[in-house]
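Take a look at the letters that make up each chain.
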Amino acid sequence: MPIKKQDQSFRYPLHWRIMDVLEAALDILWPRRLARLTGWLLILPALLLVGLLVIGLFQIAENSLRTLDRSTFRLSEDYTLQNYTTILNSATYGWVILRSVYAAALTVAFTLLLAFPFSYILVRTPSAMVRKTLLVVLFLPFFIGQVVRAYGLLIILGTNGVINQGFGIVGIEPIRLLFNFPAVVFGEVQYMLPFAVLMLAPALTAIPQEIETAASSLGANWLRSLWHITLPMAKPGIVGAGLVVGTLTLTDFAIPAMLGGGSQDFIANAIYDQFFRTADQGLGAALTMILVALGSVFVGIIVAIFGVGTLGMGGKK
Amino acid sequence: MISSSQKVVFWSLVCFSVLILSLPTIIVVGASFTSGNIISFPPDGFSVKWYEKIALARDLRQAFGRSLIVSLICLAVSLPVGTLAGIALTRYRLRFGSALQIYLLLPFTIPLIGSGIGMMLMFGNWGILGSLWPVGVACAVINLPFIIWSVSSSAAVLDRDLELAAANCGAGRIETFLHITLPSVMPGVITGGLLMFVLAMTEFLVSLLLTDARTVTLPVQIYNNVRSIITPDLAAVSSVFVVIALVAVWLLDRLVGLEIFLKSK
């Protein structure tokens, strides 16, 4: 009976059997009639993970309604709006908020001014080498991280820094380039440039070069074709880039902390101080809520003016 | 056709951008090789003594180790979660699809300081503040849109019929997923994973809020040291990040090509 013997010894390969067990287990755990819900099952972990942020926001909102009891250094049990009125009546916080908004506006303007030609050359250059070089120059800072980049700027702008040493050689007295408002704005522009270019470049890619060629063959000089053709067609990208740069600058912490030296605080720095220096969590939480609201209002205004289409540029397809 | 005056204007602005983007990096790396005790230009001669010093500094070594752990935890959380979400968003018809997308973009729209403070309060209530793994989870949350975006853009090009064909040939659901769906989104998973790892490695603000003196990560350590005094050993530590970034850019270019980011959507 050789055949029967062979039959007995024959077994399916191990991974087939494992797969069968898994499939059977799946049929019990997630029957096929639930197929309609499979998509929701797959997305559920992501929803929960992002839910952490939502719970966190609620926690902040709750804290913002409770004031600090100076005798026990605990937050009060009952809810008031007192933290918000304290902030709105305080000239200090008014200045901090105004400074953040002003810096964000300046940063958007300067960053776009630099990012537009960068993206334009990046997209239009015929040379693959130039394109690759520009892309590497762009991505390297993106991956290096904010602290190290700010540290590099500190070395360059410091009293004994590269620029002042250069001044010394030509006989100019060293000047204070750090710890003032322009230094912070410069740092922000340097930090935001890669983000802006990465938002702008796809929008410029979408513009056929023939249209510009047509404009110039009809007699428009480059400024006119830029103004009437390229800029209007690139508007979604420009608005998207401005949106990202504006919100990121408005809420930034590291650059004002490192290049502003404590004298140029943004809202985020004021929040940090409330939590870690003054330990007034209620006030800090109220400031955070104001910052979140300010950011949302900013996004809302941009979307209201330029349409919802720009939001799609905000990251995910 | 780009006219010559446009060329001059655009190229001078581009050169300025290139200068301000790369000069800090070059200066940091250059300063790390100085043989003097302060950072000065031109450097006082060449030495690697600052690298020897940081290799022996226990706090820096430990901070580097903690940053690595945080990045690995971030990767362990975000890879499965982001991959499944990316597949779900592109391969399944979900109701309220656009609302879901807006919800999943929340990590980008909520200010980082808000996300950080929120998680700090929450983790504090749960009594897990002060350990390292919540920092990794936090890094995964705040950068999650990156990996979802990169997975869903590679899932979008997969032909749906392939999965049906596999099922037709008798493959079960797990088998289809492992042999058809997963390999096809692999480029997106790898790109996303790379982004998540490097961003967690360099993450500063959220780490600052969630760590204490015993759990500082390397970027926070650098920040704390910069506040006290600027010495060349910090430049040497920073050069570590430059090397990481170089490797990341090289890998990204090899894996998907940097040009992919210029494509119009």
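Residues numbered from 1 in each chain as written. Chains lettered and ligands numbered in written order. Predicted model: local features only at pLDDT ≥ 70, side-chain atom pairs only at ≥ 80, totals over all residues.

Details of the overall build of chain B
Heads up, the rule is: Secondary structure follows DSSP: runs of H or I at least 4 residues long count as helices, runs of E at least 2 residues long count as strands, and numbering of each begins at the N terminus. Residues with at least 20 neighbouring C-beta atoms inside 10 Å of their own are called buried, those with 12 or fewer are called exposed, and the rest are partly exposed, where every C-beta is derived from the backbone. By definition, residues are in contact whenever their C-beta atoms, placed on the basis of the backbone, come within 7 Å of each other.
Helix and strand counts for chain B come out as 12 helices and 0 strands. Ordered by position from N to C terminus, the α and β elements of chain B give α-α-α-α-α-α-α-α-α-α-α-α. Referenced to the eigenvectors of the C-alpha coordinate spread, the extents of chain B come out at roughly 70 × 65 × 35 Å. Within the span of chain B, comprising 265 residues, buried residues form 46% of the whole. Within chain B, counting contacts between residues at least 6 apart in sequence, those at least 24 apart form 76% of the total.

Examining the overall build of chain A
Where we set the bar: Atoms counted for the radius of gyration: C-alpha only. Globule rule: 2.2 Å times residue count to the power 0.38.
Helix and strand counts for chain A come out as 15 helices and 2 strands. At 28 Å, chain A has a C-alpha radius of gyration far larger than the 20 Å of a compact globule built from 317 residues. If one aligns the C-alpha atoms of chain A with their principal axes, the spans along those axes are about 105 × 75 × 45 Å. Residues classed as buried in chain A amount to 45% of the 317 residues present. At a minimum sequence separation of 6, the contacts of chain A that also span at least 24 residues come to 72%.

Concerning unusual backbone geometry
Residues and elements named next belong to chain A. Within the chain, Phe179 stands out as a residue other than glycine whose phi angle is a positive 55 degrees. Owing to 17 C-beta atoms within 10 Å, Phe179 belongs among the partly exposed residues under this scheme. We note that Ala279 has phi near 60 degrees; this positive angle belongs to a residue other than glycine. Here Ala279 shows up in the loop between α14 (267–276) and α15 (281–306).

Some points on the domain arrangement of chain A
Residue and element names in this part refer to chain A. Where we set the bar: Where each domain starts and ends comes from a domain assignment, either automatic or drawn from a database. Just so you know the grouping, Ala, Val, Leu, Ile, Met, Phe, Trp, Tyr, Cys and Pro go in nonpolar, Asp, Glu, Lys and Arg go in charged, and all remaining residues, Gly too, go in polar.
In terms of domain boundaries, chain A breaks down into domain 1 (2–64) and domain 2 (84–313). Each of domain 1 and domain 2 has a C-alpha centre, and the two are 43 Å apart. Listed as interface residues are 4 residues of domain 1 and, on the opposing side, 6 residues of domain 2. For the side of domain 1 that touches domain 2, the per-class residue count stands at 2 nonpolar, 2 polar and no charged.

Side note on the packing of helix α7 (residues 133–155) of chain B against helix α9 (residues 173–202) of chain B
All names here are of chain B. Rules: Angles here are taken between N-to-C directions and fall from 0 to 180 degrees, while the axes themselves are lines fitted to C-alpha atoms, restricted in helices to the stretch in contact. Between 65 and 115 degrees an angle is taken as roughly perpendicular, under 35 as roughly parallel, over 145 as roughly antiparallel, and anywhere else as oblique. With the far helix as reference, a near helix turned anticlockwise by less than a right angle produces a left-handed crossing, and one turned clockwise produces a right-handed crossing.
α9 packs onto α7 with a crossing angle of 155 degrees between their chain directions and a minimal axis gap of 8 Å. By the criterion of interaxial angle, the relationship of α7 to α9 is roughly antiparallel. Crossing of α7 against α9: the hand is right-handed. Where α7 approaches α9, its residues Gly136, Cys139, Ala140, Asn143, Phe146, Ile147, Ser150, Val151, Ser153, Ser154 and Ala155 are matched on the opposing element by Val185, Pro187, Gly188, Val189, Thr191, Gly192, Leu195, Met196, Leu199 and Ala200. A breakdown of the residues in the contact of α7 with α9 according to their chemical character gives 13 nonpolar, 8 polar and no charged.

Focus on the environment of Phe110 of chain A
Counting through the fold element by element, Phe110 of chain A comes out in helix α5 (residues 91–124). Accessibility expressed as a C-beta count within 10 Å gives 18 for Phe110 of chain A, which makes it partly exposed.

Description of the nonpolar core
Our working definition: Nonpolar cores are identified as sets of buried Ala, Val, Leu, Ile, Met, Phe, Trp, Tyr and Cys residues joined via C-beta atoms within 7 Å.
Judged by nonpolar contacts, the single largest core of 165 residues is most densely connected at Ala115, Ala196, Val197, Leu200 and Ile271 of chain A together with Val141 and Met196 of chain B. Aside from chain neighbours lying at most four places away, what touches Val197 of chain A is Ala115, Phe118, Ser119, Leu122 and Leu138 of chain A.

Points about the interface of chain A and chain B
With 81 residues of chain A at the contact, the number on the chain B side is 89 residues. Along the lines of polarity and charge, the residues of the side of chain A that touches chain B split into 55 nonpolar, 19 polar and 7 charged.

With respect to the confidence of the model for chain B
Do not read the predicted coordinates in detail wherever pLDDT is low. Here is the rule we go by: The predictor reports its confidence for every residue as pLDDT, a score running from 0 up to 100.
Residue-level pLDDT values for chain B average 89, and 97% of them are 70 or greater. Quick note on the complex model: pTM equals 0.88, ipTM equals 0.89.

Overview of the packing of α14 of chain A against α15 of chain A
All names here are of chain A. One can describe the packing of α14 onto α15 by two numbers: an axis separation of 8 Å at closest approach and a directional angle of 160 degrees. One finds that α14 runs roughly antiparallel with respect to α15. In the crossing of α14 with α15, the sense of the turn from one axis to the other is left-handed. Contacts between α14 and α15 pair Ile267, Ala270, Ile271, Gln274 and Phe275 from the former with Gln281, Leu283, Gly284, Leu287, Thr288 and Leu291 from the latter. Residue classes in the contact of α14 with α15 are distributed as 7 nonpolar, 4 polar and no charged.

A look at the confidence of the model for chain A
Here chain A averages 87 in pLDDT, and 94% of its residues register 70 or above. Note on residues 309–317 of chain A: pLDDT is under 50 here. Beyond four places in sequence and across chains, it has 30 contacts.

Focus: the environment of Tyr93 of chain A
All names here are of chain A. Examined against the element boundaries, Tyr93 turns out to sit in helix α5. On the neighbour-count criterion, Tyr93 (18 C-beta atoms within 10 Å) is partly exposed. Not counting residues within four places of it along the chain, the set of residues in contact with Tyr93 comprises Ile87 and Ala270.

Focus on the environment of Leu41 of chain A
With respect to the helices and strands, Leu41 of chain A occurs in helix α3 (residues 38–64). Along the primary structure Leu41 of chain A and Leu178 of chain A are separated by 137 residues, whereas in three dimensions their C-alpha atoms are 52 Å apart.

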